Structure formats: structure tokens, C-alpha cells
Amino acid sequence: MRYYVGVDGGGTSCRARITDLNGTLLGEAKTGSANIMLGGNVAMQSIQDAIATAAELAGLGPEHMAEMAVGLALAGAEQQASWREFMSLPHPYAHVTLNTDAYGACLGAWAGNDGAILIAGTGSCGIFLSQGQQHIVGGREFPISDQGGGAVMGLRLIQQVLLAVDNIRPMTPLASQVLAHFQHDIDAIVSWSKTARPCDYGQFSPAIFAHAQQGDALAIELLSQTARDVEMWMQALIARGAEQICLMGSIAERIIPWLTPPMQQRVAKPLGDAMDGALAMAKGHHDLYQL
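No experiment lies behind these values; they were computed from the predicted model shown. (Residues numbered from 1 in each chain as written. Predicted model: local features only at pLDDT ≥ 70, side-chain atom pairs only at ≥ 80, totals over all residues. Heavy atoms only, no water.)

## Regarding the pattern of salt bridges
As enumerated under the stated definition, the model contains nine salt bridges in all. Arg15 is the partner of Asp8 in a salt bridge, and the nearest nitrogen-oxygen pair spans 3.1 Å. For Asp8, a relative accessible area of 15% translates into the label buried. Here Arg15 falls in the partly exposed class, since its relative accessible area comes to 24%. One network of salt bridges, with partners in common, ties together Arg17, Glu28, Asp273 and Asp276. (Salt bridge = Lys/Arg side-chain N within 4 Å of Asp/Glu carboxyl O. Buried < 20%, exposed > 50% of the residue type's maximum accessible area, 1.4 Å probe, protein only.)

Below, the structure written as C-alpha cells:
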């Protein structure tokens, strides 16, 4: 093997980073969703596209794929059947190891040492690594879990918009913007919801943050609930022995001002990101399950 590849894949995007054996960055790229519970073949295609694009930027061709050790930190990997199905798929790489996106992010955040993180992006998951053991909270996928993530926040937004349409709650600028997104067609919202993925719901999270800054009552309500959800997961990690927790992901990093002061004091700054953790995985055997 001549190259290490770290891949961080979630419900919205998949990032790949290639280094040489000395850790020198050679190339990095980003593609679509790589949540293996939403389809192993789809995730594998996103992963291979990201690696191929990063390899091209590094001046590497298809003949170099067999020289790559790949660490995969992927959403959905905690579901054993999905893990096994994905690991049975063919690939061109020398070696592949697969664990959760939370595991990879935790390795990166604490530079391979024990510690705790809470990911809140499209979905959410908390993990505390201690003395060789993984303590995991949440992460059971949308819509039954993932509180504190963008998908759940977007789902709640759609629900509240429909209540506003029925004059059960006040119509706010945020609700009006969502209605405009669907051309004020309620049937279109219903039809969309039948096939909407977590990332489709999560697309509304930037608008929620933006409207909250302008004092929109609905946006403030949604962010307050998301903050309470994040604190719920943080408390669960603390109960398992965590002292400090790194908050990672597009929602987690922006929700900190909405947390209570005692919980803000529990937040630690990550030493690295999920890509660093995925690269660390590429250098060893970090499989969540055994084949």
C-alpha cells in the first residue's frame, strides 16, 4: 500500500482525503450522500466517485486504487445488516475498514485518545470512547431518532408550517418562505413528503438559523427545541463518564450559543475532524463488526 484514504460519509455529503504514507495531503473531494442505510450501492458509488475525484487531483489514476488503504467513517454503519451488506460489495482498494461516522469523528476530535463527541448534522449521534469501549447514544436514523439534527428540525418545521396554514399557529416569515418554496401548494408538500430523504428536510436548517437572527418566533422555537435535544444527548454522554464533549457537524457548531451556560462549559474544541479520524482508521483495523 502506498496511500491512505479517509472517507467521511453522511446523509448529505461524502468527503474523501488521500495522503501518502507520511501523511502528506495529496487530494480531497466531496460528493453526494453516503449513508449506507439509504442504500449500500448508492453509498459505494458516492465513495468511489469522491476517491476517484480526489485521486485525479493528486495525479493518480485507476491503476493506483489497488494501492490504497481506505478508512470509511459512514452514517448508518451501526446497523449491522447494512454494515454486512455494504462490506460484501466489490471495490478496487487494497484494504477497507468500516465504522460509524461518529467513531471516525471521535478519533479525529481527540487525536486517537479517549473522549466524547456529539455529531449533529443532517442526523445526530453521540459517542464516548473509553478504555477500548464505545458508548453510543442515539444515531438510530431519521425519523425515529436523530433529535438535534437538521432533518428532524426540518420535519418539525414542515409540521408547524402546515399548522400555520390551518390557522392553528401564526404565520411567520419563515413559514411563508417554506410555503413559497413549494409554490404555496399544500398537495405538493404532501407529495414531496412521501419520498423526501433526511437531506431534503435538512435543507431548511440554514433558513431556520437565518430567521432566528431576525427574531422569527417559529425559528426561535425550533432552535430552542434543537438545543434541548443536543443537551439531552450531551447529558447521556456525561452520565456514561464523559467530562468534555466536542460538538461536530453543521448544526452542532451553530447551536452552541443556544445551549445553557453549564452545557456550554462542557463543550471542547476538536483537535481534528472526521477526515483525520477516517485516515487514522485507514492505518489499522477498525471494523465495527466482524465479517
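## With respect to the sheet that holds strand E9 (residues 245-248)
Strands belonging to one sheet form pairs held by backbone hydrogen bonds; the direction of such a pair is parallel or antiparallel. If you walk across this open sheet you meet the five strands as E8-E7-E6-E9-E10, and the pairing is mixed. Of all strands in the sheet, those with a lone pairing partner are strand E8 (133-138) and strand E10 (267-268), marking the two edges. Here six bridges tie strand E7 (residues 124-130) to E8, and the two strands are oriented antiparallel to one another. Bridging across to E8, Gly126 finds its partner in Val137. (Pairing = 2+ DSSP bridges. Helix = DSSP H or I, 4+ residues; strand = E, 2+ residues; numbered from the N terminus.)

## Topic: the packing of helix H4 (residues 150-165) against helix H6 (residues 186-193)
Two packed helices can be described by the angle between their axes and the distance between those axes. Two numbers describe how H4 lies on H6: the axes approach to 12 Å, and their chain directions differ by 155°. It follows from the interaxial angle that H4 and H6 lie roughly antiparallel. Remark: the crossing between H4 and H6 carries left-handed chirality. Contacts from Ile158, Leu162 and Val165 of H4 reach H6 at Ile186, Ile189 and Trp192. Of the residues that constitute the contact of H4 with H6, the class distribution is six nonpolar, no polar and no charged. (Axes fitted to C-alpha atoms, helices over the stretch in contact; angles between N-to-C directions. Parallel < 35°, antiparallel > 145°, perpendicular 65-115°, else oblique. Left-handed = near helix turned anticlockwise from the far one by under 90°. Contact = heavy atoms within 4.5 Å. Nonpolar A, V, L, I, M, F, W, Y, C, P; charged D, E, K, R; others polar.)

## Looking at the sheet that holds strand E4 (residues 68-74)
Overall, mixed pairing links the five strands, which are arranged E3-E2-E1-E4-E5 in an open sheet. Each of the sheet's edge strands pairs with one partner strand only, and the pair in question is strand E3 (25-31) and strand E5 (95-100). Strand-to-strand twist in this sheet, taken as the mean axis angle between neighbours without regard to direction, amounts to 15°. Summarising the sheet, E4 and E5 pair through six bridges and their orientation is parallel. Opposite Leu72, over in E5, you have Leu98 as the bridge partner. Each of strand E1 (3-9), strand E2 (14-20), E3 and E4 is contacted by helix H1 (residues 40-57), which is oriented at about 140° to E3, the strand it contacts most. Against the sheet, helix H12 (residues 274-282) touches E1, E2, E4 and E5, its axis set at about 135° to E1.

## Re the pairing of strand E6 (residues 115-120)
Along E6, six of the six residues are buried, which leaves the element largely enclosed by surrounding structure. Burial along E6 is two-sided: Gly115, Ile117 and Ile119 and Ala116, Leu118 and Ala120, pointing in opposite directions, are all buried. For E6 and E7, the ladder comprises six bridges, and the chain directions are antiparallel. Bridging from a neighbouring strand, Ala120 pairs with Ser124 of E7. Two successive antiparallel strands, E6 and E7, enclose a turn made up of three residues. Sheet topology places E6 next to E9; four bridges connect them, and they run parallel. Bridge assignment links Ile119 to a residue of E9, and that residue is Met248.

## Focus on the packing of aromatic side chains
In total, this model carries six aromatic pairs according to the counting rule given. Consider the rings of Trp192 and Phe204, whose centres lie 6.2 Å apart with planes at 75°: the pair is edge-to-face. In this pair, Trp192 sits in helix H6 while Phe204 sits in the loop between helix H7 (198-202) and helix H8 (205-213), placing the two residues 12 residues apart along the sequence. Classification of Phe204 by relative accessible area gives buried; the value is 6%. Among the aromatic residues, those joined into a cluster by ring pairs are Phe142, Phe182, Trp192, Tyr201 and Phe204. (Phe/Tyr/Trp six-rings, centres within 6.5 Å; stacked < 30°, edge-to-face > 60°.)

## Observations regarding helix H3 (residues 101-109)
Every α-helix winds through 3.6 residues per turn, so residues three or four apart in the chain are directed the same way. Taking burial as the measure, the nine residues of H3 include nine buried ones, the bulk of the element. Of all the positions in H3, only Asp101, Ala102, Tyr103, Gly104, Ala105, Cys106, Leu107, Gly108 and Ala109 are classed as buried. Two residues or fewer after H3 comes Ala111, characterised by a positive phi angle close to 50°.

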